Amino acid sequence: MGGEWQARIFVGGMKAGRAPNKPVGDTELRDVFGRFGAIKNIKSGLKDFVFIDYEDIQSCQRAIDAMNNNPFDSFSSGPMKVCLATPQAERMRRPRPNGDDRGPPPHRRSRS
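Treat the numbers as computed from the prediction; the structure is a model and nothing was measured. (Residues numbered from 1 in each chain as written. Predicted model: local features only at pLDDT ≥ 70, side-chain atom pairs only at ≥ 80, totals over all residues. Heavy atoms only, no water.)

Student: Just to check I follow, could you spell out the pattern of salt bridges for this structure?
Tutor: When the charged atoms of two side chains with opposite charge come close together, those side chains can pair. In this structure the tally under the stated criterion is 2 salt bridges. The partner of aspartate 53 in a salt bridge is arginine 8, with the nearest N and O atoms 2.5 Å apart. Remark: arginine 8 occurs in strand E1 (residues 8–12) and aspartate 53 occurs in strand E3 (residues 49–54); sequence separation between them is 45 residues. A residue is classified by how much of its surface remains accessible, and aspartate 53, at 10% relative accessible area, is buried. By relative accessible area, which is 12% here, arginine 8 ends up buried. (Salt bridge = Lys/Arg side-chain N within 4 Å of Asp/Glu carboxyl O. Helix = DSSP H or I, 4+ residues; strand = E, 2+ residues; numbered from the N terminus. Buried < 20%, exposed > 50% of the residue type's maximum accessible area, 1.4 Å probe, protein only.)

Student: Before we go on, may I ask you to explain helix H2 (residues 57–67) in this structure?
Tutor: Taken together, the buried positions of H2 are Ser59, Cys60, Ala63, Ile64 and Met67. Along the axis of H2, the buried positions cluster into a sector of 135°, meaning they face one direction only. Next to the buried residues of H2 lie E1, helix H1 (26–33), E3 and strand E4 (81–84). One or two positions beyond H2, positive phi appears at asparagine 69, with a value near 65°. (Arc of directions from axis to C-beta. Contact = heavy atoms within 4.5 Å.)

Student: Help me understand the sheet that holds E1 in this model?
Tutor: Backbone-to-backbone hydrogen bonds pair the strands of a sheet. The strands run either parallel or antiparallel. Read across the open sheet, the 4 strands follow the order E2-E3-E1-E4; overall the sheet is antiparallel. Lying at the two open borders of the sheet, with one neighbouring strand each, are strand E2 (39–43) and E4. Strand-to-strand twist of the sheet, defined as the mean angle between neighbouring strand axes without regard to direction, takes the value 20°. Of the pairings in the sheet, the one linking E1 to E3 comprises 5 bridges and is antiparallel in character. Bridging from a neighbouring strand, phenylalanine 10 pairs with phenylalanine 51 of E3. This element, H1, spans E1, E2, E3 and E4 of the sheet and lies at about 140° to E2. Sitting on the sheet, H2 is in contact with E1, E3 and E4, with an inclination near 155° to E4. (Pairing = 2+ DSSP bridges. Axes fitted to C-alpha atoms, helices over the stretch in contact; angles between N-to-C directions.)

In structure tokens form, the structure reads like this:
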């Protein structure tokens, strides 16, 4: 795992059940996730997920333990997914649940 990924978490589902007039911005992210440790960087502006870089892995674990499967705040109703982030190349190398690790399934043509 590269150094920049060692203390990075993935946070998804923050907007679940939120009113459109209650956006989640960097300030809200720092307020909620900053209590678990010093935040180095937030990569936001994505759909319904962000990556948060902490100074250390212990901060990541505290954030995961406290926030995974919980709503972002009182304006949210759905649970978030909070976990350690992994590089995309590493995710692509993982074998499929059925044990097939040969890559994406072949394109099937319709016989109609």
